[in-house]
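Examining the three-dimensional arrangement
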Amino acid sequence: MLLELLKRPGNNECADCGSKSPKYASYNIGIFVCTTCAGVHRGMGAHISKVKHLKLDRFEDSQLDRLKEIGNSTAKLKYEERVPPCYRRPNENDPQVLIEQWIRAKYEREEFCHPERQSYTSGYMVAFLMKRGKEDSRYHPRKFVLSEAEDTLKYYVKENKEPKATLRISEINVAFAPDKIEHRNSLQLSFLKDGTTRHIYVYHDQADVITNWYMAIRCAKLHRLQLAYPCANEDELVQHLTRDFAKEGWLWKTGPRTSDAYKKRWFTLDNRKLMYHDEPLDAHPKGEIFLGHSLEGYSVRVGTSPGVKDQGFSFSLRTPERTFNLSAASEVDRDEWIQVIEQVIDRPLTPQDSLIAARLIRKRTATNSMSIFSAR
């Protein structure tokens, strides 16, 4: 009977993350889930979800009847009835904390059956988050206050003092960063300040707290966009809330002269900004390259410029201002970088892209050499 049930529409993929060919079933909820999500279900306790392996465990008739009665599609109608549009529904490749909190929100807290439990939609949030120091690697507790009405995210070093910084929610990008920060419940906030990008790294020991902050920023951004563009399609606005980095990793980069040596830099591709840093957790990038459209003189190819040493798996990025010679650790990594950059420069610029290009500025070091590159 299990094989027949798996053939029903919706049952051939995980009820929570959408991965194909689920291997487990939560027989009291009446759904089929993958191995990863089954682990989260077990972690919630048998009073919430009772899980069995489809092949290794034996199902009683009453349990099979429950799976036949409910199934993934019917369960979603109940447990995902009122998912707010700003809530990010995870897929199988998303950070574990996002998947886990999605599952707990559905079945343990039943947030999408009871909207009053969705604290992140209120437009106001206060909490102490552990923030990485700008000049050192230590994390310190800082009070963060989010106000959708004011379009601000403030953080305080001391509660009875003025905020250390006030950020505009509408200009913030937020992404989960467990691999970089080495804490599973962590976020990276990025925004433009004085013509260059600033990164803030935070974490919280409670997974639901950090996830709620992520969703609160998304919800506030959506509500602000809806006010600014009342006739816009909601699904289109949701695409502009937050974005994961297209790719990150170590590359070797030369300077502007053909004789310059390669130096190891941490690269991050954030939409049309290709940033490079000395270290992954730097507060500011060492340089930023705005990627325009291919018709405007932007291109990427295998190999280096004439006269530049080829260091292993090299490739070159050409902009109207200069050609950047880069090298990856492997052929696969190089090809992935080329692919994601090509996808960016083949995509037409949006008005928001042009605004970012205009706000990026050129900075010069004390030696008058270019350290940050922007669009023309």
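Given the structure is predicted, the values throughout are model-derived calculations rather than measurements.

A short note on the confidence of the model for the protein
Within the protein, residue pLDDT values average 91, and 96% of them lie at 70 or more. Per-residue pLDDT stays below 50 along residues 362–376; that stretch engages in 41 contacts with residues further than four places along the chain or on separate chains.

So, the packing of helix α5 (residues 96–108) against helix α7 (residues 207–228)
Here α5 crosses α7 at 95 degrees, and the two axes come no closer than 10 Å. In terms of orientation, α5 and α7 fall into the roughly perpendicular class. When α5 is examined against α7, the residues V97, L98 and Q101 are found in contact with a partner set consisting of A207, D208, I210, T211 and M215. Here the residues of the contact of α5 with α7 are counted per class, giving five nonpolar, two polar and one charged.

Examining the environment of R104
Its place among the elements puts R104 in helix α5. Judged by relative accessible area, R104 falls into the buried class, the value being 16%. It is 8.9 Å that separates the C-alpha atoms of R104 and D208, two residues lying 104 residues apart in sequence. Setting aside residues no more than four positions away along its own chain, R104 makes contact with G43, M44, R109 and E110.

Examining the state of the cysteines
Per the stated rule, a full pass over the model turns up one disulfide. Here C86 connects covalently by a disulfide to C219, the sulfurs 1.9 Å from one another. Taking the sign of the torsion about the S-S bond as the criterion, the disulfide between C86 and C219, at about 50 degrees, is right-handed. Linking C86 in the loop between α4 (71–79) and α5 with C219 in helix α7, this pair joins segments that are 133 residues apart in sequence. We classify C219 as buried; its relative accessible area is 1%.

Regarding the packing of aromatic side chains
Each aromatic ring pair is summarised here by two numbers: the centre-to-centre distance and the angle between the ring planes. All chains considered together, the criterion is met by 12 aromatic pairs. Pairing Y87 with W102 gives two aromatic rings, centres 5.6 Å apart and planes at 40 degrees, and the pair type is tilted. A residue pair is termed long-range when its members are at least 10 positions apart, and Y87 in the loop between α4 and α5 and W102 in helix α5 qualify at 15 residues. Where Y87 meets Y120, the ring centres are 5.6 Å apart and the plane angle is 55 degrees; that geometry is what we call tilted. In this pair, Y87 is assigned in the loop between α4 and α5 and Y120 in the loop between α5 and β4 (124–132), connecting sequence segments 33 residues apart. Residue Y120 is classed as buried on the basis of its relative accessible area of 2%. Joined through ring pairs, the aromatic side chains of Y87, W102, F112 and Y120 make up one cluster. One residue, K52, lies across the ring of Y27, its end atom 5.3 Å from the ring centre. Against the face of F59 rests K52, its NZ or CZ located 5.5 Å from the ring centre.

Overview of the pattern of salt bridges
Applying the stated criterion across every chain yields a total of 28 salt bridges. The partner of R104 in a salt bridge is E100, with the nearest N and O atoms 3.4 Å apart. Highlighted residues: R104 and E100, both in helix α5, separated by four residues, approximately one helical turn. On the accessibility criterion, E100 (15% relative accessible area) is buried. One salt bridge connects R257 with D260, and the closest N-O pair in it is separated by 3.3 Å. Judged by relative accessible area, R257 falls into the exposed class, the value being 55%. The exposure class assigned to D260 is buried, which follows from its relative accessible area of 17%. Salt bridges linked by common partners bring D151, R168, E171, R224 and R359 together as one network.

With respect to the nonpolar core
Formed by 61 residues in total, the largest nonpolar core has its most connected members in Y107, L146, L153 and W213. Looking at which element gives the most residues to this core, the answer is α7, with 11 residues. Beyond its immediate chain neighbours, meaning those up to four positions away, W213 contacts M125, V126, A127, L129, F144, V145, L146, L153 and L187. F267, V300, A328 and W337 belong to the second-largest nonpolar core, a separate cluster that totals 24 residues.

Conventions and cut-offs
Residues numbered from 1 in each chain as written. Predicted model: local features only at pLDDT ≥ 70, side-chain atom pairs only at ≥ 80, totals over all residues. Heavy atoms only, no water. pLDDT = per-residue confidence, 0-100. Contact = heavy atoms within 4.5 Å. Axes fitted to C-alpha atoms, helices over the stretch in contact; angles between N-to-C directions. Helix = DSSP H or I, 4+ residues; strand = E, 2+ residues; numbered from the N terminus. Parallel < 35°, antiparallel > 145°, perpendicular 65-115°, else oblique. Nonpolar A, V, L, I, M, F, W, Y, C, P; charged D, E, K, R; others polar. Buried < 20%, exposed > 50% of the residue type's maximum accessible area, 1.4 Å probe, protein only. Disulfide = S-S within 2.5 Å. Phe/Tyr/Trp six-rings, centres within 6.5 Å; stacked < 30°, edge-to-face > 60°. Lys NZ or Arg CZ within 6 Å of the ring centre and 35° of its normal. Salt bridge = Lys/Arg side-chain N within 4 Å of Asp/Glu carboxyl O. Core = buried A, V, L, I, M, F, W, Y, C linked by side-chain atoms within 4.5 Å.

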